[in-house]
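Here are the chains, one letter per residue:
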Amino acid sequence: MTNAHVTDKHPGELADVPGWFPALDQMLFTWFLERQREQGIRGDLLELGVYLGKSAILLGHHLQPGETFTVCDLFEGEAPDGANQAEAAKSYASLTRQAFERNYLSFHDSLPTVIAAPSSVVPQRVAPGTCRFVHIDASHLYEHVYGDIGAAHDVLRPEGVVVLDDFRSEHTPGVSVAAWEAVLNRGLRPICLSTQKLYGTWGDPEPLQEDLLEMLRERTDVGLSVQEAAGHRLIRTRSRGMEPPPFPTSRHYVAPVPVQTPAPGAAGTTGAVEARAARPARPAPSRARRLVRDLLPPVVTRAVRRARAKRS
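Only a predicted model underlies this, so the values are computations on that prediction, with no experimental measurement involved. Each chain carries its own residue numbering, running from 1 in the written order of its sequence. Side-chain atom pairs in this predicted model are given and counted only at pLDDT of 80 or more, local residue features only at pLDDT of at least 70, and totals for whole chains, interfaces and linings cover all residues. Heavy atoms throughout the structure, all of them, feed into the side-chain values; hydrogens and water do not.

**Student:** With reference to specific residues and values, describe the pairing of strand E8 (residues 222-229).
**Tutor:** Pairs of strands are assigned from DSSP output, requiring at least two bridges between the strands. Strands here are runs of E lasting at least two residues and helices are runs of H or I lasting at least four, both read from the DSSP assignment and numbered beginning at the N terminus. Sheet analysis places E8 next to strand E9 (residues 232-239), joined by eight bridges and oriented antiparallel. The residue of E9 that forms the bridge with glutamate 228 is arginine 233. The loop that links E8 with its antiparallel partner E9 comprises two residues; one of these, alanine 230, has a positive phi angle of about 55°.

Structure representation (structure tokens):
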């Protein structure tokens, strides 16, 4: 994620919001959040690192009455250290709180609780054991990701789900180290892996995995495999031409104007038809020309035709 996006327009659809949120992860977020609702699991939502709001907009759509959605990002603020400041300047130069709020309010009537500060302040702002879903997509530096995972552990309910972004991207080795260290040494239990994200829990992953496998095996647009590693069952998923799940359009959406296709053979369907229609008919040869043509030997006739062709 090294390329910043520039945006100054109200989005009409979720796809119009810049950001890195593949269709596979949109589907998995939707499935986990809807399953929690169906199972009667309640709790707040938390996202660390929002960029321009693409995943936050989807999360906010699944907020239930009485729940709180909190987002945390530096926005234009100062990073806690030089390495984090360099990372923000390189990858998120276009991120402003105004741009995030404009995008979010295009789809929702009110903003989430916004913490414009380093993610290290989250334990002081979000009460322990209150969240059912946490998405970590803030700094890619090991020290910061390590702290974010610890914060997620503290604020999640026992059956809550945490999602770690960029856990295996080549440019984010710090996330990889922190993620697998949490699995091996900090009690995090993987549920599934997408191309970009690791989904896990500090509760029992088995019920989630069984329901997830049942759903995934019915789809033809998901590549699926199951592996064992260090005592953990790993469900691996990848997109096979998947389309994003349906999502409501924004208040600024403008439906495209349908293009009328002329019926075959109608006037004006192609330039070639128009050219043929506008071309004047060739006049019939005069009587004298016909007589000369008939009397001249064929070899002379052919020579005259070649001479006319060269002139034209």
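**Student:** Give a description of the environment of proline 158 that names residues and reports values.
**Tutor:** Within the element layout of this structure, proline 158 appears in strand E5 (residues 156-165). When the C-alpha atoms of proline 158 and glycine 129 are compared, they prove to be 7.6 Å apart, with 29 residues separating the residues in sequence. Each residue touching proline 158, except ones within four places of it in the same chain, is listed here: Thr201, Trp202 and Gly203. Pairs of residues are marked as contacts when any of their non-hydrogen atoms sit within 4.5 Å.

**Student:** So what's going on with the sheet that holds strand E3 (residues 113-116)? Which residues, and what values?
**Tutor:** In space, the nine strands of this open sheet follow the order E3-E2-E1-E4-E5-E7-E6-E9-E8, with mixed pairing throughout. Edge positions in the sheet fall to E3 and E8, since each has one partner strand and no second. Ignoring which end each strand starts from, the neighbouring axes of this sheet average 20° apart. Here strand E6 (residues 189-193) pairs with strand E7 (residues 197-201) via four bridges, running antiparallel. Axis definition: a line fitted to C-alpha atoms, over the contacting stretch in the case of helices. Angles run 0 to 180 degrees between N-to-C directions.

**Student:** Provide a residue-level description of the packing of helix H1 (residues 23-38) against helix H8 (residues 206-216), including the pertinent values.
**Tutor:** Between H1 and H8, whose axes approach to 12 Å, the crossing angle comes to 125°. By the angle between their directions, the pair H1 and H8 is classed as oblique. Crossing angle aside, the handedness with which H1 passes H8 is right-handed. Judged by residue contacts, Met27, Leu28, Trp31, Phe32 and Arg35 of H1 engage Pro207, Leu208, Asp211, Leu212, Met215 and Leu216 from H8. When the residues that make up the contact of H1 with H8 are grouped by side-chain class, the tally is nine nonpolar, no polar and two charged. To sort the angles, those under 35 degrees are grouped as roughly parallel, those over 145 as roughly antiparallel, those from 65 to 115 as roughly perpendicular, and the leftovers as oblique. Each crossing gets its hand from how the near helix is turned against the far one by less than a right angle, where anticlockwise is left-handed and clockwise is right-handed. Residue polarity is assigned by list, with Asp, Glu, Lys and Arg as charged and Ala, Val, Leu, Ile, Met, Phe, Trp, Tyr, Cys and Pro as nonpolar; anything else, Gly included, falls into the polar class.

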